[in-house]
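Each chain is listed here by its residues.
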Amino acid sequence: MNMLLDLQKKLLPDLVEVLGLRFRILRYIRLMQPIGRRTLATNLEMSERVLRSEVTFLKSQGLVEFATSGMTLTEEGQNLLSQLEVVMKEVFNTRSMEEELQAKLGVKEVHVVPGDSDQFPWVKKEMGRTCVNVIKRNLAMQGNIIAVTGGTTIAAVAEMLVPDSDLKESLFVPARGGLGEQVENQANTICATMARKAMGTYRLLHVPDQVSKDAYESLVLEPSIQSILKLIHSATMVIHGIGEAQTMADRRDTEEDVLAKLKEKEAVAEAFGYYFNKSGEIVHKVPTIGLHLNDLESINTIIAVAGGASKAEAIQAYLIKSPSQVLITDEGAAKEILAKL
């Protein structure tokens, strides 16, 4: 397979280019179906004339069907796309990127999806779809408690969940309190969305993410808070994002003296209320209610989902010493991390 692809790239480079283009079209239709031609062309940054020719060809092959509501994949199109994803890992060299990242970051499992979510926001949905597959593969026989953090990337994971008999018995819990950000990106909302889509159950944590020391000591003594915290600390799986230090500090309305400290200590990444420098060392800790880094040591499956070239430094810094076992990222971040390494 590798030899054939190498020969095609040298002798028929146009063939590989067309294959990649049609692969992108099929992926996007699957994510957004039913979708109109104009919307599809805009999101893929293609001219309508070129796209019209491509989707007409895909329709003639029985892979796409047209309706007044928009284009959708046929069953044959769905099956072909699933098979094509394996081949395209070799075409785009994502397989070798996965293996190299796995070795250099010390992560047990890495999945790289084609594209850069900085340029194409829909790539987050592809990461979400990949994460859903990893979740299903790592479910225990029974008693699954899945803790999730907030953020747009984890919201994309929730969006890609569908009713599933394996997930029906799962309990979803937020890994932390609310950050004061848009409600759809808060851990509580994402947790409830996941449970609804997977037909599971959920419990919510009705406290702010960041509190003072006195407020923290008071809140954790509340019976209702203790009850949900016990469930969170009993999680069998954690799905979390990785943030850029400056972005997360801004979202928390961080005080000027702390911002100065983060800048002085060269913080580049944030996760679970911890800020990390390029070497993966903790340079600041925010008092938060929910999961802490030391809690992760006893959790069976920890999945980090983060992408975009702009997050490469943050992903690398966090994973150097932290316990995530699975990384799901995109091509943009993967290339940037490997270039730095």
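Here the structure is a predicted model, which means the values were calculated and not measured.

Our next topic: the sheet that holds strand β10 (residues 274-277). Spatially, four strands are ordered β8-β9-β10-β11 in an open sheet, and the strand pairing comes out antiparallel. Either end of the sheet is taken by a strand with one partner, and the two such strands are β8 (243-244) and β11 (282-285). Here three bridges tie β10 to β11, and the two strands are oriented antiparallel to one another. Pairing of Y274 across the sheet is with K285, part of β11. Packed on one face of the sheet, helix α13 (residues 256-264) meets β9 (267-271), β10 and β11 and runs near 170° to β11.

Glancing now at helix α15 (residues 331-340). Every buried residue of α15 is listed here: E331, G332, A333, A334, I337 and L338. Packed against the buried residues of α15 are α6 (94-105), β3 (109-113), α14 (312-321) and β13 (326-330). Sitting at the amino-terminal end of α15 is D330, which places a side-chain oxygen 3.3 Å from the backbone nitrogen of G332.

Spacing of three or four residues puts side chains on the same side of an α-helix, whose turn is 3.6 residues. Residues of α13 that are buried: V258, L259 and L262. For α13, the angular spread of the buried residues around the axis is 105°, confining them to a single face. Turned more than 90 degrees from where α13 packs its buried face, E256, D257, K263 and E264 sit exposed. Those residues of α13 that are buried are in contact with α12 (245-251), β9, β10 and β11. E266 sits one or two positions beyond α13 and adopts a positive phi of about 60°.

Right, let's get into unusual backbone geometry. Across the junction of Q33 and P34, the peptide omega takes the value -5°, indicating a cis bond. Mapped onto the elements, P34 comes out in the loop between α2 (13-32) and α3 (37-43). In this structure, E45 takes a positive phi of about 55° despite not being glycine. In this fold, E45 is placed in the loop between α3 and α4 (48-60). E45 sits in the exposed class, given a relative accessible area of 62%.

Turning our eyes to something else, we now look at the nonpolar core. I25, L40, I135, I239 and I303 are the most contacted members of the largest nonpolar core, which has 55 residues in total. With eight residues, the top contributor of residues to this core is α2. Each of domain 1 (3-90) and domain 2 (93-339) contributes no fewer than three residues to this core. Residues in contact with I25, not counting those within four places in the same chain, are L40, L44, M46, L51, E54, V55 and L58. In terms of nonpolar packing, the next biggest core, distinct from the first, is built from 46 residues, V110, V173, L291 and A334 among them.

Take the packing of aromatic side chains next. Two measures describe an aromatic ring pair: the distance that separates the ring centres and the angle between the ring planes. Taken as a whole and judged by the stated rule, the model has three aromatic pairs. Look at Y28 and W122: their rings are 5.0 Å apart centre to centre, the planes differ by 85°, and that puts the pair in the edge-to-face class. Residue Y28 is found in helix α2, and its partner W122 is found in the loop between β3 and α7 (123-137); the two are separated by 94 residues along the sequence. The buried category is assigned to Y28, whose relative accessible area is 3%. Ring centres of F276 and Y318 lie 5.4 Å apart, and the angle between their planes is 85°; this geometry places the pair in the edge-to-face category. Of this pair, F276 sits in strand β10 while Y318 sits in helix α14, placing them 42 residues apart in sequence. Under the relative-accessibility criterion, F276 is labelled buried at 1%. Each residue in the set Y28, F120 and W122 is aromatic and connected to the rest through ring pairs, giving one cluster. Sitting above the plane of the F57 ring, R22 keeps its charged end 4.0 Å from the centroid. Between the NZ or CZ atom of K285 and the centre of the ring of Y274, over which it lies, the distance is 4.9 Å.

How each quantity is defined
- Residues numbered from 1 in each chain as written.
- Predicted model: local features only at pLDDT ≥ 70, side-chain atom pairs only at ≥ 80, totals over all residues.
- Heavy atoms only, no water.
- Pairing = 2+ DSSP bridges.
- Helix = DSSP H or I, 4+ residues; strand = E, 2+ residues; numbered from the N terminus.
- Contact = heavy atoms within 4.5 Å.
- Axes fitted to C-alpha atoms, helices over the stretch in contact; angles between N-to-C directions.
- Buried < 20%, exposed > 50% of the residue type's maximum accessible area, 1.4 Å probe, protein only.
- Polar contact = N/O pair within 3.5 Å; in protein donor to acceptor, adjacent residues only side chain to side chain.
- Arc of directions from axis to C-beta.
- Core = buried A, V, L, I, M, F, W, Y, C linked by side-chain atoms within 4.5 Å.
- Domains from an automatic or database assignment.
- Phe/Tyr/Trp six-rings, centres within 6.5 Å; stacked < 30°, edge-to-face > 60°.
- Lys NZ or Arg CZ within 6 Å of the ring centre and 35° of its normal.

Interpretation in functional terms is not warranted from these geometric data alone.
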